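Architecture and fold: a report
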Amino acid sequence: MDRPTFNLRGLKPNFGALRTNDDVHKSIHLCPLTLAVIDTPHMQRLRGLKQLGVSEMAYIPTTHCRFEHSLGVAALAEDLLRQIKKKQPKLGITEKDIICVKIAGLLHDIGHGPYSHVYDGQFRKELKKAEARGYWIGKKFDLELYKGLPEVMDGWEHEDGSLMMIDAMLKYLGMEIDEKNLDQPLKQIGDGIRSECFGICSLIEGDDSGEYYDGSSPLPPDRVLTSRDWIFIKECIVGGPLPPKGMSVKKSKDSKNILYLVGRRDIHKEFLYDVVSNRHSGLDVDKIDYLARDGRRAFGSSGNVDPMLIENAYVAWGKCGRPDNCYRCRHTHVKPSAQKHDGMHLMVCYPEKMVQNAMSFFKKRFRNHQKLYTHHTTNAACFMICDIFLLADPYFRLPVLDEEKEMTDNNVARNESKSQKLPISRANMNPQSYLLLKDSILDIIAATEDTNLRPARLLINRFRSHKLYKKVAEAPIVSSNGKDIDIPWQRTLWNMEDNDIVSQIVKCSKLTSNGETSFFLNEDKIIVEKRQIHHGMGSDNPVNNMRFLPKSQLSKVRNTPEDLPIAEEYPESDYECVIPRAFLQRTIRIFCRDLDKNVCDHLTTCYHQFILTIQKREGNNISRRRGDFMAEDALEPNVLSQSPLHYSSEGFAYSQASFADAEDYLPNRKRYKKGNLFSSVMKDLEEE
């Protein structure tokens, strides 16, 4: 059978002349291969996805997109590996290794859904609730409308979307991965770029084979990206072996399946997998870029990349700090070539002088999560976006027709476009519909005329009027060591299901000072958020999972891989002055969907009554002191949780975010003017 003839082209050589400006890295080099990847609809889609979703509701300048973040990650990945290659030439890092990791950095977020992590996080969680209940915030959630549609992959996250979109991008370029011929160029399946030209055509130091490349003739075999290389790119994105077909990355990591690396099977190349997604410590170029970029946009000049994290990176042997999370440590099918390195990995390490730099990096991560990513205004907007998606999902559909596909019969094209449509929740199962799923989805829903979508359109109008859900209560959960919850009733509260907390608050809504219902509360008006913020490793110190080289061992980093030095964990006692008291912070927040301030106030009072019920049940002995929040105070109609004097020292800590509220109340119902709360309270205490 004759091989089909395709309309093929090569890459456009520029020999390193093309660059683009960047807010964080100043200037980023774009090679011909990078440009070919960038100039695809799948990569350009990232321009329509804000990096921080709706954080602009709290921090107006945070409107940057995932496209520029992806360029930054690619640039950092290349810089890091070139630094290591220069200092440790015997590692055998090839130009193809560097380009593959660079492309992995470029494509690592290509599978993200709209509004940051709302789509693969909160929306997925609430979707299961809506399907189980059959309704959502008072509107029917009809499962009959989903018959015949593909099921959502269990545990789906944006990494799974990235794997799908990479395959779709290659198909758009006329190629696909050939698992039967891994070390050959990609399989040609259509018009696009010639697979023998899809590789490195930039100048390489010491190699003149690409000096006169015209862009159309085949590249030397060692410069062409093969199917194995593209599997390696995918593996770099997920941080390990690829999951079996039909299984999500998350479920694959949780399973006991024995998985094998395909891209770079040499144990001496294992460190390449930790550049974009570091499974050992979490310190990788992805986080280095987005922490700096997000901090710069939100907080101003504080957002900078620490150059020492790039310049002082080395590769050495080190013991795995997270064996339960490591694909190699969980299974015994991969062994180092030398017995002396049993249980160790070749990993990215740093000199001992970098310990405080590493701790500062993880502190920056905590600060960004605390002040920016989980700001109460941001999360209130996220809850609204989630509700809009759920209200629209049963009735709204996105087409999956491939516009690039040649259709000889217009009627066939018309019928196909009508039959193949997916809702928002299933759009991630098809690359064509996923291309349309961007932050602009709200504009598309708002422009519809379907009466079934009217509740979603009304909520969109409210969202755009900045009438967000109201945070009515916030309470830190006390933990002296960052792991165990110290106070029994708080431990009980934290371990309760969200639905149980909502049900108990609704029961308290009928209890007022005179036994009558003043404002009706139902479950649809209440949102419970359990927020956990950490430094990267939950309640553990992430620096303990890093490995450091003493100054005396730095001279050995130029040895062969087998003879590289062993990096060790740095003792906490030697940098205890910069270690936080705890690495994990827990907070419970209550949000109200209702716009009525009286309803919000009533919800706050009911929440307090619920807390006191738990305290009594747990047998807490709380002594009465001035300003303490007691049972008799809970029955007063105008008690707000935002008052900083509501709780005893054994209960809740004060909420700094509450001091800007329009009014603050004390349990004895004395009202103070906004902005003079502390001075007024101190004056009253002096008079008494």
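Anything mentioned here points back to the structure above.
Residues numbered from 1 in each chain as written. Predicted model: local features only at pLDDT ≥ 70, side-chain atom pairs only at ≥ 80, totals over all residues. Heavy atoms only, no water.

1. So, the packing of aromatic side chains
Test applied: Two rings from Phe, Tyr or Trp (for Trp, the six-membered ring) form a pair when their centres sit within 6.5 Å of each other. Planes less than 30 degrees apart are called stacked, planes more than 60 degrees apart edge-to-face, and all others tilted. What counts as a helix is a DSSP run of H or I of at least four residues, what counts as a strand is a run of E of at least two, and both are numbered from the N terminus. Ring-over charges, as used throughout, are those where CZ of Arg or NZ of Lys falls within 6 Å of the ring centre and within 35 degrees of the ring normal.
Scanning the entire structure with this criterion turns up 15 aromatic pairs. A centroid spacing of 5.5 Å and a plane angle of 85° characterise the contact between Tyr59 and Phe299, whose relative ring orientation is edge-to-face. Taken as a pair, Tyr59 in the loop between helix H2 (41-44) and helix H3 (66-87) and Phe299 in helix H9 (residues 285-299) lie far apart in primary sequence, 240 residues in all. Three or more aromatic residues joined by ring pairs make a cluster, and in this case those are Tyr115, Tyr119, Phe123, Trp156, Phe389 and Tyr434. The cationic tip of Arg124 hangs over the ring face of Tyr119; the distance from NZ or CZ to the ring centre is 4.6 Å. Of note, Lys530 hangs over the ring of Trp494, and the distance from its end group to the ring centre comes to 5.8 Å.

2. Quick notes on the nonpolar core
Let me state the cut-off plainly: Throughout, nonpolar core names a set of buried Ala, Val, Leu, Ile, Met, Phe, Trp, Tyr and Cys residues whose side chains join them through atoms within 4.5 Å. Exposure classes here rest on a 1.4 Å probe applied to the protein chains alone. A residue is buried below 20% of its type maximum, exposed above 50%, and partly exposed in between. Any two residues whose heavy atoms approach within 4.5 Å are treated as being in contact.
Membership of the largest hydrophobic core comes to 142 residues, with the highest contact counts inside it found for Leu107, Phe198, Trp230 and Ile424. Top element by residues in this core is helix H13 (residues 376-392). It accounts for 12 residues. Discounting residues that sit within four places of it in the chain, Ile424 has contacts with Tyr119, Phe123, Arg124, Phe389, Ala392, Asp393, Phe396, Leu437, Ile441 and Ile445. Val472, Ile477, Ile590 and Cys600 belong to the second-largest nonpolar core, a separate cluster that totals 29 residues.

3. Some points on the packing of helix H4 (residues 95-107) against helix H7 (residues 227-238)
Helix packing for two helices is described by the angle between their axes and how far apart those axes are. The line we're drawing: As a rule, the C-alpha atoms of each element are fitted with a line to give its axis, helices using only the stretch in contact, and angles between N-to-C directions run from 0 to 180 degrees. Should an angle lie under 35 degrees it is considered roughly parallel, over 145 roughly antiparallel, and from 65 to 115 roughly perpendicular; all remaining angles are considered oblique. The hand of a helix crossing depends on one turn: near helix anticlockwise from the far one by less than a right angle means left-handed, and clockwise means right-handed. Three classes are used: nonpolar for Ala, Val, Leu, Ile, Met, Phe, Trp, Tyr, Cys and Pro, charged for Asp, Glu, Lys and Arg, and polar for all others, with Gly counted as polar.
Running from N to C, H4 and H7 point in directions that differ by 50°, and their axes come no closer than 9 Å. The angle between the axes of H4 and H7 places the two elements in the oblique class. Here the hand of the crossing between H4 and H7 comes out right-handed. Across from Lys96, Asp97, Cys100, Val101, Ile103, Ala104 and Leu107 in H4, the residues of H7 making contact are Asp229, Trp230, Phe232, Ile233, Cys236 and Ile237. Its residues assigned to classes, the contact of H4 with H7 shows 10 nonpolar, no polar and 3 charged.

4. A look at the sheet that holds strand E16 (residues 566-567)
Rules: Here a strand pair is declared whenever DSSP counts at least two bridges between the two strands.
Read from one edge to the other, the open sheet built from 4 strands follows the order E15-E10-E9-E16, with strand pairing classed as mixed. For this open sheet the edge positions go to strand E15 (548-549) and E16, each flanked by a neighbour on one side alone. Bridge count between strand E9 (residues 314-319) and strand E10 (residues 344-351): 6 bridges; the pairing is antiparallel. Pairing of Trp317 across the sheet is with Leu346, part of E10.

5. Brief notes about the side chain of Glu529
What counts here: Contacts described as polar in this section are N or O atom pairs within 3.5 Å, which, within protein, must combine one atom able to donate a hydrogen with one able to accept it, while residues neighboring in sequence count only if both atoms come from side chains.
On the secondary structure map, Glu529 appears in strand E14 (residues 526-534). On the accessibility criterion, Glu529 (10% relative accessible area) is buried. Separated by 2.5 Å, the side chains of Glu529 and Asn379 make a polar contact. In contact with Glu529, not counting residues within four places along its chain, are Asn379, Phe383, Thr587, Ile588, Arg589 and Phe591.

6. A few points about helix H20 (residues 597-617)
What counts is decided by this rule: Expected span of a helix: the number of residues minus one, times 1.5 Å.
Compared with the 30 Å implied by 1.5 Å per residue over 21 residues, the 31 Å span of H20 between its first and last C-alpha is a close match. Most of H20 sits out of view: 16 of its 21 residues are buried. One or two steps after H20, the chain reaches Gly619, where phi turns positive at roughly 75°.

7. Things to note about the sheet that holds strand E17 (residues 584-592)
Reading across from one edge, E13-E17-E14 is the order of the 3 strands in this open sheet, with antiparallel pairing throughout. Where the open sheet ends on each side, the last strands, each with one partner, are strand E13 (470-477) and E14. Here the average twist between neighbouring strands, direction ignored, is 20°. Strand direction decides the pairing type here: E14 and E17, joined by 9 bridges, are antiparallel. Directly across from Arg531, in E17, lies its bridge partner Thr587. The strands touched by helix H18 (residues 488-495) are E13, E14 and E17; relative to E14, the strand with the most contacts, the crossing angle is about 110°.

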